[in-house]
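# Breakdown of the fold
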Amino acid sequence: MTDRLADEPARGPDHGPDRAHAVPAGAVPGGMAVEGGTPAPPRSQWWDVWDQFKTHKGAMAGAFVFLVILLGVILGPWLWSIDPQAIDIRARNSGPTLAHPFGTDQLGRDTLARMIAGGQTSMAVGITAMLLSLVVGTAVGVLAGYFRRLDGILMRLTDLFLALPLLPLLLVIILLFRDRLRAVFGPETGIFLLIVFVIGITSWMQTARIVRGDVLAIKEREFVLAAKSIGTPAHRMIFRHILPNVLSPIMVSATLGIATAIITESALSFLGLGFPSDYPTWGRLLYDATDYLQQYPERVIWPGIAISLTVLSVNYIGDGLRDALDPRIRGR
Amino acid sequence: MPDGAQPVLDVRDLKTVFRTRSGEVHAVNSVSFDLRPGELLGVVGESGSGKSVTMMSLIGLVPMPPAEMRGGEVLFGGQDLLRAGPAAMRAIRGKRIGFVFQDPMTSLNPVFTVGYQLCEPLRRHMGLSKAAARKRAAELLDLVGIPDAARRLSDYPHQFSGGMRQRVMIAMALACDPEVLIADEPTTALDVTIQAQILELVKDLRQKLGMAIIWITHDLGVIAGIADRVLVMYGGQIVEHAPVRELFANPQHPYTRALLKTVPSVRGDRAPRLRVIEGQPPILTAAPDACPFRFRCGHRFDRCDAENPPRFPTGPAHDAACFWDPATDAPRNA
Amino acid sequence: MSDARAAKLVQVRDLKMHFPIHAGVLRTRVGEVKAVDGVSFDIYEGETLGLVGESGCGKSTCGRAVLRLYDLTSGSVRIDGTEIGDAGPQRLRRMRRVMQMVFQDPQASLNPRMTVAGIIGEPLVEHMKMSRKDRQERIYQLMDAVGLNRAFANRYPHEFSGGQRQRIGIARALALNPKFIICDEPIAALDVSIQAQVVNLLEDLQEEFGLTYLFISHDLSMVRHIADRVAVMYLGKIAELAPRDAIYAEPLHPYTQALLSAVPEPDPVLHDTQQRTVLKGDVPSPAKPPEGCNFCTRCPRVMDVCHRIDPEYREVAPGRYVACHLYNDAQTAEQTAAAMPA
Amino acid sequence: MKLRTALLGAVALGLSALAGFAQTEGDAGNPGGERGRDGQLNIIYWQAPSIMNPYLTGGTKDYEAASLVLEPLGRFDPEGNLVPYLAEEIPTVENGGVSEDLTSITWKIKDDVEWSDGTPVTSEDVRFTWEYCTAEGGGCAQAAKFDGIEDVEIVDEKTATVHFDTPKPYPYAAFMGGQSPILQAAQFADCLGPRAPECTEANFNPIGTGPFVVTDFRPNDVIQLEANDNFRDPEKPAFQTVTLKGGGDAAAAGRAVMETGEFDYAWNLQLAPEVLDQMAAGGQGEPISAFGTLVERIEMNLTNPDPSLPPETRATRAEPHPFLSEQPVRQALSMAIDRQILTEIGYGVAGRPTCNLVPAPANYAADNTDCLTQDIEGAKAMLEEAGWTDTNGNGTRDKDGVELTMLFQSSTNAVRQDFQALIKDWWRQIGVDAELRNVDSSVFFGGDPGSPDTFQKFYADAEMYANNFDGTDPQAYLSMYRCDNEPRPETQWQGENINRFCDEEYDALLDELSQTADLEERGRIAKELNTILTADTYTIVPLVDRGRVSARAMDLGGVELNTWDSELWNAADWYRIAE
Amino acid sequence: MLNYTIRRLLISIPTLLFISLAIFLLLELAPGDPMAQVPLTVPPEVKQAMREALGLGEPVHIRFWKWIVQFFWTEPLHLFDSWFGTAWAEGQQRVISWQTRSPVMEIVAQRMPQTLWVVGLSYIIGTLIALPIGIISAYRQYSIFDQIGTFVSMVGFSVPTFFTGVLLIVIFSVKLGWFPSIYDTTLVVNDWSSFVLQLKQMVMPVFVLALYNAAQISRFMRASMLDNLNQDYVRTARAKGLTERVVVLLHVLRNSMIPVVTVIALGVPTVFGGAIITEQVFKVNGLGQLLITAIQANDLPMVQSLTFIFAVLIVLFNLIADVLYGLLDPRIRYD
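The name that an unreviewed UniProt entry assigns to chain C is ABC transporter ATP-binding protein, with the source organism given as Mesobaculum littorinae. In the Subcellular location (unreviewed entry) part of its UniProt record, chain C is described as follows: "Cell inner membrane". UniProt annotates chain C under Sequence similarities (unreviewed entry) with the comment "Belongs to the ABC transporter superfamily."

Under an unreviewed UniProt entry, the name given to chain B is ABC transporter ATP-binding protein, and the organism recorded is Mesobaculum littorinae. As stated in UniProt under Subcellular location (unreviewed entry), the record for chain B gives "Cell inner membrane".

As structure tokens, then:
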């Protein structure tokens, strides 16, 4: 039997690694011709992914913007050394000036400095919460998919979490543990840990479901059977064979996870439940500024743009990754 | 089959190119052939040889982009299909040219009943009423040997076995009494005993209906049993063309000859060791300015690298695209 | 191929693989798919046993069960003197060095995220305590053995053609110097011109390393080429098992006869003269096999008894086993066999 | 300093002028006429009323909504004077309504008042109201107002006498003001004690004597009312129907009155001054404001909240505070604060700097103004003098190894956090370091003895919040700072003496106040008590006298903002100003 | 299918019980106090009496049991009574909100109309916008339309609704005066002009929510269409000579709708859950606003009942989604 995809005109004869054997030798750059060709450095699939990713203009723009924002908030304090907490009551409610390019707030604190500080928190929340939800989601998904015995109970657990009404619970959990954590870790670290935990713990279910589905599919792939026939034990099977192959959905979840975490944090700020009110995050800055929307519109615009741009860029990155990681699309 | 009859389909110099990120792929390269009324034209070749793309290109079923037609003409009933508009093509597809695809598991829409899918071409092309179409659909299912046809019209594709689904596909292709049936590896996904059933069915239907058939396959055994005339394709080109007995008895192209030798049989003598064609099929990214088979050919010489050989006539209704003449074991001097 | 020649490397007795079907409100077990239902055969050292059948007949499941990739429902599998049918994980892991497998789809059976060296080296990492350098050397040796250029050791599978990938899979199977390799449809996904390359390679390796093969395939012509003896499976059971020449020359079981006659002959002349038996209908579902002989629904020579009694699988002539009521009496069987038209 | 005081005076003057303007215009413009002539009135409360029974709720929004329907025997007017409503007159010792020994008060109900169902109001209803609130298991929120009432005696159909167990110099707690109106006995008869919450219909749609009756009550959303046909004044109310919408936020409410003109009246607009100005520029309405007794203050902890202390003695009088027990430190902390800036940033016209715990009514308000001027240098000198110097050069003063580091807590609220940030900044300038902390208000004011974060537990060095007193008499308010009234483990951390202040002289003065009926004399004592707590000891550091800001549409007449009673106290007099 | 449904229903009973217990315990642990809103002038002993009147004095397990009985027995009985005029539930204590001292379920029923009008309508509109956008975006992948559609839906995801909401109010209510900034829940639609009023006050909240919903669903639709456009049966349909309209809108769409329909079904509970933030911004006092005020007031019976109702809806619609999947896709048989 020939590979049925091979002659299929709908996709054309060039088709990424999935069916490279149809037109094998050198169909993709870096592929090799007949045996005996010159030795070439190894070229992992990620290069193909990157090649495809590069062709997605939105994703490239998104990656660029995201990097700029990320570098901005990381390096910002060195470039713009005003203390975000410093009060200059004489300069309150100032519009954009040379001294305060983004203006100041009602206490005369520098908005640019607060944007940078807020960005650090928002980004840190986004990235850590995403990592947490990813770790939990992947662990649950992999275990459920790989071990038939755990599948039932873990999936029930996932359903349970999916069935919990999240926003109210989020609010309750924050009310519940905020002060205890604050007592242990101090006001900022405590609430940071809590918010990250709460967002992470309530957003892993989709990842778990997707990963489980992929693991189930990969488990049926012959290379897993091949590894089993070699006698590879379960943990090495998971880390060597399963995990690397479910990376694509995990990475897409990751990008979307950052975006939702940032949005969730800002929604919590809106409901008055995020970080302490003097602790800047983009969500908090935006919330505080909505009252001044008419007087000082720039105060809304800065955090609004920052949140939207970050989430937008991350979403575009996710979109590009999804395309790039999909072997059916790659090569188009 | 009478040689002199007017061909139903005349393909001249067909070229299809796929534009990809890594450059152009010349999937079909100057392919010419004709199809005569009532005959069964077999097309053999390995995956990637361009046999399917050729047939899909004829009637615009390759997605454009990434595919692109680079000239040639396809004459069908006096009309050049490559220059016909989309509407004209739709009027031909399914009505005058029917198709059967390789994988009966995925080629039927899973959410519609078999009856609905069968009625679609009938209602569209023949303008039948719902009831009339259904009646005709039942007749068609009966024709392709599905028992209890009328009742099974309301079943979904997944309720049929693979062989039965392929019968449904055939019934669908035959629904409007097409002049041409193009079958793209229709038995490849099936088991041998089921394949035998389908082959019997097609032979039977040919006798009853008398349409011309193009049968794409990589299985020389199937070709031997069913075809009148054979095209051998390699690297996006036709390398040999001959009546079926002539081809098997007297292959002219080194590729055809090698291919025939590599295939073992369940009958006759058993060779102690299989013959192989060394190397891999070619990549089609380069412009076709040399013989595509040269890297695997035992008779390669300078000219093979410099020129793409044209199809030399080697006998009555027999030609091969090769500079080497097996009769003399020497280069042709054309 | 004399019977006395060699020891039995593999002994399979009454192997059963049943997969339960759950249904109903409480997911109770309502039945089972009898993928493999009482299969027995031996494989002698150094020979190739061909296992043929149509899709869904259980031949792949049978192969995997023999390697204990599944937990057996019942039956015994003895390889190289060790019973592995009920072996614990430790014993099984030791046995993995003796028995290996080559898979059908060279695309799917290689981890796309590992390099060739990683793939070939994995069994070495799992089972051998080797220095990195020794392992590297062993990987190169294996690549040489299967005809892969050493320069490609750090490449990823997607950069290779189908035939080359199958060579990688074979090199992986050879890494631990196994005695027994199951080839599960190793050529099914390859093009005709490549199939021959792989089959020749397998034959060369068998000769070089004294390997024993169980060669699973639906391609009767390739099996005829490579196998010493051939077993034909139908719906989870072996219908017939016999030395290659005998079975191709005079198949006993009506199913074998039909199967052989359905293979299209790549010769138009022979094709037109050949007598063919075209079977009616489809293979029944293994979840609901017919009463009596499981071939009775399609058998052109079906008798009354076939619908009632499952025929016994037994030796009707030296080395020839068949499960059919036509050969109920060994005597008649021999006569019939002699009288069979070719 | 003089200039600033003058300015303050001008602001205050301007405010009263504003209120006066509204009133005069109201009087001049109210043409009178038939009931319901002005159609629809739209009121927005950004906190939605959830119940119409003030005895079952602690929410101001609920009292105020209920005041459209339920009326007390008497109310307080915007100046804090007592005004008879259902009563013929306010009983006093002079007119004989209050007995000479101050143990009973006799109320006489007007003859013509009827419930909205047409039945007459009787002394039976007055007695029932007392029974209702004091019934076992009812959880009456106003129980404190009925403290000390021994019995309510029905003298005749329209006369009731309230007997107290001890002399009450100020007997106007029960049945006075929006929080203690008269319920109809007939309607609530089956709702006593534990059955109170089951009477949903009565709680949502009480039969009252007020200008309006409920037609549709949607808890936490909207209340629709229409004019009471049996209201005693046939010309009132001017509006036929009222919609009281709840929910959202103060900014949206202000916008709806002043910018889009969708509503006629918006309650309690706690907004930044510049936001209010911007809205007022919308021209559809204007902000109105008035001052009451609500004072934003810093409370100094006189006991040691050090977490290393055992829970039995932590933050109790057994452990004096390491530095806040020294008066110069407290005084310096107060001097460092610029109350003018705080007011400007946080409250604008709705606030004025104050140095007093009791800022009003005039009779009780002391005239301390010393604290109004920020004096950083003075504060530094004072600390220096008390021996607090920065010996280790870390920027924070210290003495005997004790660093002047404060934990300064407050509830979560944007204005309070701005204040905290500013105050921290000023304290830093005099060499005092502060760690800020804000606690969610439901926890902070929740009183849960298990939580370490309640304002009563005071596990911090200083805390900021606002408090006021009901009605116009500060006696109970000042009594909070009595010895032994502090929260402590034995009392499950309940108690009102948050600072753990204890002074014999102060307690003696309190006793004197509780025996005095003469208003002049009461005022003198109250002022003295106030000064002990603030200007003398800096135990309480008042910051801002917080007024109430609401907004009315330009064409809504008759509004008189009242901080002593419900803002809607005179809704019967409201009317539409003709174009 | 029936077996499957019954089995899922049976499984959901312990799940729901567990959820209700989890919610109850979580709320129980929360440090808030329903007396927090009571002014500081109310003395502690009065507050304590109020607490006890709410039943806060009783042990946790007794309160949970009471709640269970009230919620699963008394409330359905009341519903039954109000439908059939019987008096089974006479005198039985219902779930009472601490804040309003009225039965929780009555308030919930009162909030339903505006929630369904605004959130439900925006969900429907969002879906109706999303489907064609998703279809066209997929059919013309990487075209200008696809790029713009992608951008708009990304923006829909990315901009927090509290920001878009306030922005719309400032532009359309304050500056232009086109729409009211405050939603009137008491408006009765009985003639053309009140209908126009209703439309006007719904425009902004519905737009904000619809944008968000459309963004999500169109992404799903696009992905699902892309999956199916490459399937073999599409080629078969084209080979039959069917028009592109039929191929795309019948063959591909029907298949693509299978996963999307379940996604849409899974989104329905969020409609009943209300859109907390949008309701807050536009003063649409729906279920979301009810929940948030209840949380702020520590009205435990209300929070407990609301969250549990949401949980029931989520479980129910999960089940509906699965059943729909089975019904739509003839290949799926859950037994």
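Having seen the structure, we can now continue with the description.
Summing up its helical and strand segments, chain C has 11 helices and 12 strands in all. Computed over C-alpha atoms, the radius of gyration of chain C comes to 21 Å, within 12% of the 20 Å expected from 2.2 N^0.38 for 342 residues, which places it in the range of a compact globule. With respect to the principal axes defined by its C-alpha atoms, chain C has extents near 65 × 60 × 45 Å. Looking at chain C as a whole, 61% of its 342 residues are labelled buried. Across chain C, the fraction of contacts at a sequence separation of at least 24, relative to all contacts at a separation of at least 6, is 63%. Of the accessible surface of chain C, which amounts to about 12,800 Å², a share of 49% is contributed by carbon and sulfur atoms. The averaged location of the 42 negative side-chain charges in chain C is 7 Å from the averaged location of its 40 positive side-chain charges.

Counted under the stated rule, the structure contains 79 salt bridges over all chains. Residue A:Asp105 pairs with A:Arg114 through a salt bridge whose shortest N-O separation is 3.7 Å. Its relative accessible area of 9% is what places A:Asp105 among the buried residues. B:Arg152 is the salt-bridge partner of B:Asp155, the closest N and O atoms lying 3.1 Å from each other.

Further remarks concern the interface of chain D and chain E. In this assembly, 55 residues from chain D lie in contact with 45 residues from chain E. Counting the surface lost from both chain D and chain E, the interface buries some 3,900 Å², and carbon and sulfur atoms represent 54% of this. Counting the contacts that link chain D with chain E gives 11 residue pairs in polar contact (both at pLDDT 80 or more). Those elements that provide at least two residues to the side of chain D that touches chain E are helix H2 (60-66), helix H5 (200-204), strand E7 (212-218), strand E8 (222-227), strand E9 (241-246), helix H6 (250-259), helix H12 (441-444) and strand E17 (462-467) of chain D. When residues of the side of chain D that touches chain E are assigned to their parent elements, the largest contribution, four residues, is made by H6(D). Its residues assigned to classes, the side of chain D that touches chain E shows 22 nonpolar, 21 polar and 12 charged.

Turning to the packing of aromatic side chains, a few remarks are in order. The final tally for this structure, using the stated rule, is 46 aromatic pairs over all chains. Measuring from centroid to centroid gives 4.8 Å for B:Phe112 and B:Tyr116, while their planes differ by 20°, and the two rings are stacked. Relative to E:Trp67, the ring of E:Phe64 has its centre 6.5 Å away and its plane inclined at 15°; by these criteria the two rings are stacked. Linking E:Phe64 with E:Trp67, this pair stays in helix H3 (residues 60-84), spanning three residues, or about one helical turn. Across this residue pair, the class does not change: E:Phe64 and E:Trp67 are buried. Through a chain of ring-to-ring contacts, the aromatic side chains of D:Tyr55, D:Phe128, D:Tyr132, D:Phe146, D:Phe175 and D:Phe188 assemble into a single cluster. Over the face of the ring belonging to D:Phe291 we find D:Arg352, whose NZ or CZ atom lies 3.8 Å from the ring centre.

Residues and elements named next belong to chain B. Strand order in the open sheet formed by eight strands is E7-E8-E9-E3-E10-E11-E13-E12, and the pairing between neighbours is mixed. The open sheet has two edge strands with one neighbour each: strand E7 (97-100) and strand E12 (312-315). Averaged over all neighbouring strand pairs, the angle between strand axes comes to 20°, with direction disregarded. Looking at chain direction, strand E10 (residues 229-234) and strand E11 (residues 237-243) are connected through six bridges and run antiparallel. Counterpart to Tyr234 in the pairing with E11 is Gln237. The strands touched by helix H6 (residues 162-174) are E7 and strand E8 (180-184); relative to E7, the strand with the most contacts, the crossing angle is about 170°.

The next point concerns the packing of helix H3 (residues 114-126) of chain B against H6(B). Residue and element names in this part refer to chain B. With their axes 8 Å apart at the nearest point, H3 and H6 run at an angle of 20° to one another. With respect to their mutual orientation, H3 and H6 come out roughly parallel. Viewed along their axes, H3 and H6 form a crossing whose handedness is right-handed. Listed contacts from H6 to Val114, Gln117, Leu118 and Pro121 of H3 are Val168, Ala171 and Met172. In terms of residue class, the contact of H3 with H6 is built from six nonpolar, one polar and no charged.

Residue and element names in this part refer to chain D. In total, this model carries four disulfides over all chains according to the counting rule given. The disulfide that involves Cys355 links it to Cys371, with 1.8 Å between the sulfurs. Of note, the bridge from Cys355 to Cys371 carries an S-S torsion of about -100° and is left-handed in sense. In this pair, Cys355 sits in the loop between strand E12 (351-353) and helix H10 (376-385) while Cys371 sits in the loop between E12 and H10, placing the two residues 16 residues apart along the sequence.

Now for helix H8 (residues 327-335) of chain D. Residue and element names in this part refer to chain D. Burial analysis of H8 places seven of its nine residues in the buried class, the great majority of the element. Turning to H8, its buried residues number three or more, namely Val329, Arg330, Gln331, Ala332, Leu333, Ser334 and Met335. Its buried side turned inward, H8 meets strand E11 (285-300), helix H9 (339-346), H10, strand E15 (405-411), helix H11 (414-429) and strand E18 (540-553).

We now examine the pairing of E10(B). Two faces make up the sheet, and in a regular strand the side chains alternate between them. Residues and elements named next belong to chain B. Most of E10 sits inside the fold, with six of its six residues counted as buried. Side chains Arg229, Leu231 and Met233 project from E10 onto one buried face, and the interleaved Val230, Val232 and Tyr234 project onto a second face that is buried too. Here four bridges tie strand E3 (residues 40-44) to E10, and the two strands are oriented parallel to one another. For Val43, the partnering residue across the bridge sits in E10 and is Leu231. Between the end of E10 and the start of E11, which pair antiparallel, lie two residues, with Gly235 showing a positive phi angle near 55°.

Rules of the game
Residues numbered from 1 in each chain as written. Chains lettered and ligands numbered in written order. Predicted model: local features only at pLDDT ≥ 70, side-chain atom pairs only at ≥ 80, totals over all residues. Heavy atoms only, no water. UniProt positions renumbered as here; feature names shortened; annotations may be inferred. Helix = DSSP H or I, 4+ residues; strand = E, 2+ residues; numbered from the N terminus. Rg over C-alpha atoms; globule rule 2.2 N^0.38 Å. Buried < 20%, exposed > 50% of the residue type's maximum accessible area, 1.4 Å probe, protein only. Contact = heavy atoms within 4.5 Å. Areas by Shrake-Rupley, 256 points an atom, 1.4 Å probe, with all protein chains shown as cover. Lys, Arg positive; Asp, Glu negative; His and termini not counted. Charge placed at Lys NZ, Arg CZ, Asp CG, Glu CD. Salt bridge = Lys/Arg side-chain N within 4 Å of Asp/Glu carboxyl O. Buried area = accessible area lost by both parts, 1.4 Å probe. Polar contact = N/O pair within 3.5 Å; in protein donor to acceptor, adjacent residues only side chain to side chain. Nonpolar A, V, L, I, M, F, W, Y, C, P; charged D, E, K, R; others polar. Phe/Tyr/Trp six-rings, centres within 6.5 Å; stacked < 30°, edge-to-face > 60°. Lys NZ or Arg CZ within 6 Å of the ring centre and 35° of its normal. Pairing = 2+ DSSP bridges. Axes fitted to C-alpha atoms, helices over the stretch in contact; angles between N-to-C directions. Parallel < 35°, antiparallel > 145°, perpendicular 65-115°, else oblique. Left-handed = near helix turned anticlockwise from the far one by under 90°. Disulfide = S-S within 2.5 Å.

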